[in-house]
Amino acid sequence: MDFSAPAAQPKRNLFGFLRDPLSIFLVFVTTLALVVAGLIGAELYARHIADDKITKATECEVEDNAKASFGVSPPFLWQHITGHYTNISIKTAGNQIKDAKEMTAELSISDVRLHDTGDSGGTIGALDATLIWSASGIEQTIQNMVPLLGKMVDSVTTHPDDGTVELKSTLGGVVVKPQVQNNQLSLQLVKLSGLASFAGALATENIQPELDKFTDKLTSKYPLGIHPDSLQVTDTGVIAKFSTRNASIPTHGQNPCFANL
């Protein structure tokens, strides 16, 4: 019986391992997978942080909950490195936009360039917004913001056929026509009904200035030079299109809502 020690197996050193084509391929694939996983993780994390910052800035500005997301192309990390963001989508919860109750905003923002110059935090190439305002929200807002009409209005009915909105009360009604003139939103008094109609010119002289103050207060609070472009009366409320071009992003001192961008 042979009790001699088994022959020692040749040691396979690192260089021998790396001379194996399969081993080299496995190392390459593993390294590539780790790099890709790291980039994806960094991309998702950076995108999450950016979405959160835009969401908070929007929520501060509109005084409602919001959801923001950046476009997928090019990758967000590249957009962040260059300071040039191609497109951003934002939608608010629909509870209110500042004083306007039950208003929802859907925004599309493109060509955002961040560069702090002291006077500006950057520029926005284009911003297009669709504002959807329910009839019940119009009612609540007028009750809160228009002293003369607010106390009388107990319901609001929209008339898409002629583009008017009727503010009703037990004593009568006021019919107004919302429209856009020279990039300004206006509510023009069309007709008085019920007891209000007996007041004639006196009522008109008092109501129209109140309506003008109401629209001025609503639109004067929009940032970035946002202005109305068109307006449509629907069965359930009003849909308005707003926009701005080549807008300057306020600095922290000008508007604290943009402080963390």
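Scroll up a little and you will see the structure.
Presented here is a report on the structure given in the accompanying data block. (Residues numbered from 1 in each chain as written. Predicted model: local features only at pLDDT ≥ 70, side-chain atom pairs only at ≥ 80, totals over all residues. Heavy atoms only, no water.)

Looking at the overall build of the chain
Stage number 1. The helix and strand tally for the chain stands at seven helices and 12 strands.
Stage number 2. Here the chain holds 261 residues, and 41% of them are scored as buried.
Stage number 3. Summing over all exposed atoms, the chain offers an accessible surface of approximately 15200 Å²; the carbon and sulfur share of this is 59%. (Helix = DSSP H or I, 4+ residues; strand = E, 2+ residues; numbered from the N terminus. Buried < 20%, exposed > 50% of the residue type's maximum accessible area, 1.4 Å probe, protein only. Areas by Shrake-Rupley, 256 points an atom, 1.4 Å probe, with all protein chains shown as cover.)

Here's the deal with the state of the cysteines
Stage number 1. For the structure shown, the criterion picks out one disulfide.
Stage number 2. Cysteine 60 shares a disulfide with cysteine 257; S-S distance 2.0 Å. Since a negative S-S torsion denotes a left-handed disulfide, the cysteine 60-cysteine 257 link at about -70° is left-handed. With cysteine 60 in helix α2 (residues 21–62) and cysteine 257 in the segment after β12 (237–248), this pair connects stretches of sequence that are 197 residues apart.
Stage number 3. A relative accessible area of 36% means that cysteine 60 is categorised as partly exposed. (Disulfide = S-S within 2.5 Å.)

What about the side chain of aspartate 51?
Stage number 1. Among the structural elements, aspartate 51 can be located in helix α2.
Stage number 2. There is no salt bridge for the buried aspartate 51, and the closest opposite charge comes from arginine 47, which lies 5.5 Å off by N-O distance.
Stage number 3. Those residues in contact with aspartate 51 that sit more than four places away from it in its chain are Ala68, Ser69 and Phe70. (Lys, Arg positive; Asp, Glu negative; His and termini not counted. Salt bridge = Lys/Arg side-chain N within 4 Å of Asp/Glu carboxyl O. Contact = heavy atoms within 4.5 Å.)

Section: the packing of aromatic side chains
Stage number 1. In total, this model carries four aromatic pairs according to the counting rule given.
Stage number 2. On the numbers, 5.2 Å between centres and 75° between planes, the contact of tyrosine 222 with phenylalanine 242 is edge-to-face. One end of the pair, tyrosine 222, is in the loop between α7 (201–219) and β11 (227–233); the other, phenylalanine 242, is in strand β12, with 20 residues separating them in the sequence.
Stage number 3. For tyrosine 222, a relative accessible area of 17% translates into the label buried.
Stage number 4. Put simply, the rings of Phe70, Phe76 and Tyr85 pair up and form one aromatic cluster. (Phe/Tyr/Trp six-rings, centres within 6.5 Å; stacked < 30°, edge-to-face > 60°.)

Some words on unusual backbone geometry
What is expected of a backbone is that most residues other than glycine have negative phi and most peptide bonds are trans.
Stage number 1. Here the bond from serine 73 into proline 74 is cis, since omega is -5°, no more than 30 degrees from zero.
Stage number 2. Mapped onto the fold, proline 74 is located in the loop between β1 (66–70) and α3 (76–82).
Stage number 3. If you check the backbone angles, asparagine 183 has positive phi at about 60° while not being a glycine.
Stage number 4. Locating asparagine 183 in the fold gives a position in the loop between β9 (172–181) and β10 (184–194).

Considerations on empty space enclosed by the protein
Stage number 1. In this structure the tally under the stated criterion is two cavities of 30 Å³ or more.
Stage number 2. Space inside the largest cavity adds up to approximately 240 Å³.
Stage number 3. Along its surface, the largest cavity is lined by 21 residues, and Trp133, Pro178, Leu185, Leu231 and Val238 are the ones closest to its centre.
Stage number 4. Of all the elements in the fold, those that place two or more residues in the lining of the largest cavity are β6 (122–134), α4 (135–145), β8 (164–169), β9, β10, α7 and β12.
Stage number 5. Here the second largest cavity is characterised by a volume of approximately 50 Å³.
Stage number 6. Lining the second largest cavity, in full, are Ile97, Lys98, Asp99, Met145, Lys217, Leu218, Lys221 and Tyr222.
Stage number 7. Within the lining of the second largest cavity, the residues separate by chemical class into four nonpolar, no polar and four charged. (1 Å grid on protein atoms, 1.4 Å probe; cavity = no way out; pocket = protein on both sides within 12 Å on 5 of 7 lines; lining within 4 Å. Points joined across faces, edges and corners; volume = space filled by probe spheres on them. Nonpolar A, V, L, I, M, F, W, Y, C, P; charged D, E, K, R; others polar.)

Digging into the pairing of β9
Stage number 1. Where β8 meets β9, five bridges bridge the pair, whose relative direction is antiparallel. Its bridge partner lying in β9, valine 165 is registered against valine 176.
Stage number 2. A loop of two residues connects β8 with β9, the two strands running antiparallel in sequence. (Pairing = 2+ DSSP bridges.)

Notes on the pairing of strand β5 (residues 103–114)
Stage number 1. Pairing of strand β2 (residues 84–92) with β5, which is carried by seven bridges, proceeds in the antiparallel orientation. What sits directly across from isoleucine 88, in β5, is isoleucine 109.
Stage number 2. Where β5 meets β6, 11 bridges bridge the pair, whose relative direction is antiparallel. Looking at the pairing, glutamate 106 lines up with threonine 130 of β6.

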